[in-house]
Amino acid sequence: MKNLRQAGIAAIGILLVSASAQAYTAGEPGDATKPARIAQVTMTEAEGKMLFLPNRIEIKKDEQVKFMLRNNGELDHEFILGTTAENLKHAESMKKNPDMEHDDPNGRRLAPKKTDQIVWRFTQVGEFEYSCLIPGHREAGMIGTIVVK
Ligand SMILES: [Cu+2]
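Fair warning: this is a prediction, and the values are worked out from it, not measured in the lab.

1. What to know about the pairing of strand β8 (residues 115–121)
For step 1, the next point in the chain: With two bridges connecting them, strand β1 (residues 28–29) and β8 associate as antiparallel partners. When the sheet's bridge partners are listed, glutamate 28 is paired in β8 with arginine 121.

2. Observations concerning unusual backbone geometry
For step 1, the next point in the chain: Cis geometry marks the peptide bond from leucine 53 to proline 54, where omega comes out at -5°.
For step 2, the next point in the chain: With respect to the helices, strands and loops of the structure, proline 54 is situated in the loop between β3 (49–53) and β4 (56–59).
For step 3, the next point in the chain: Here the phi dihedral of aspartate 62 falls at roughly 70°; this positive angle occurs in a residue that is not glycine.
For step 4, the next point in the chain: One can find aspartate 62 in the loop between β4 and β5 (64–71).

3. Things to note about the nonpolar core
Note that soluble globular proteins tend to have their nonpolar side chains buried in a common cluster.
For step 1, the next point in the chain: Counting residues in each nonpolar core, the largest one holds 26 residues, and the members touching the most others are Phe67, Phe79, Leu81, Trp120, Phe122, Tyr130 and Cys132.
For step 2, the next point in the chain: Those elements giving two or more residues to this core turn out to be β3, β5, β6 (77–82), β8, β9 (126–131) and β10 (143–148).
For step 3, the next point in the chain: Here phenylalanine 122 is in contact with Ala26, Gly27, Ile59, Lys61, Glu63, Val65 and Val148, once residues within four sequence places are set aside.

4. Some thoughts on the sheet that holds β1
For step 1, the next point in the chain: One open sheet accounts for five strands, arranged β1-β8-β5-β2-β3; its pairing is mixed. Edge positions in the open sheet fall to β1 and β3, since each of these has one partner strand only.
For step 2, the next point in the chain: Looking at chain direction, strand β2 (residues 37–46) and β5 are connected through seven bridges and run parallel. Bridge pairing in β5 links valine 41 to leucine 69.

About the cut-offs
- Residues numbered from 1 in each chain as written.
- Predicted model: local features only at pLDDT ≥ 70, side-chain atom pairs only at ≥ 80, totals over all residues.
- Pairing = 2+ DSSP bridges.
- Helix = DSSP H or I, 4+ residues; strand = E, 2+ residues; numbered from the N terminus.
- Core = buried A, V, L, I, M, F, W, Y, C linked by C-beta atoms within 7 Å.
- Buried ≥ 20, exposed ≤ 12 C-beta atoms within 10 Å, placed from the backbone.
- Contact = placed C-beta atoms within 7 Å.

Here is the structure:
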């Protein structure tokens with residue numbers, strides 16, 4: 001498992017096109033049948049900006065979190081969990097392919113007024129993020145910080 005994880009980190013580009021490689025720096029997909037802390041995250045646009053509410057969430061290591069996502073905006077938005085480096089790399093590949101489908105467990109794309117969920121377990125202390133990688137959205141403010149203590 002450890003080797004698989006390291007290989008996944010080294011080959012993050014491959015990971016993006018291969019949903020079968022399951023390795024995430026920010027933790028691992030959770031178990032929806034187990035209790036989880038609820039974190040509501042709303043995506044929206046306001047006054048020329050795009051944002052997540054809230055844009056900072058603190059979590060305890062090994063805590064399982066259920067992100068209850070809601071898109072209150074007029075545009076599609078995404079919620080992609082990862083490190084900043086992973087998300088920036090992912091954002092680059094989305095510039096080449098803006099309609100890229102995500103079926104990775106660490107991300108969702110929501111149409112306006114839609115809701116969705118991600119259950120995730122954070123297994124490492126550190127700072128991670130969630131961002132919307134649709135071209136221009138991260139730059140417009142769609143980034144949030146996750147602090148795992
Ligand atoms: Cu967005």
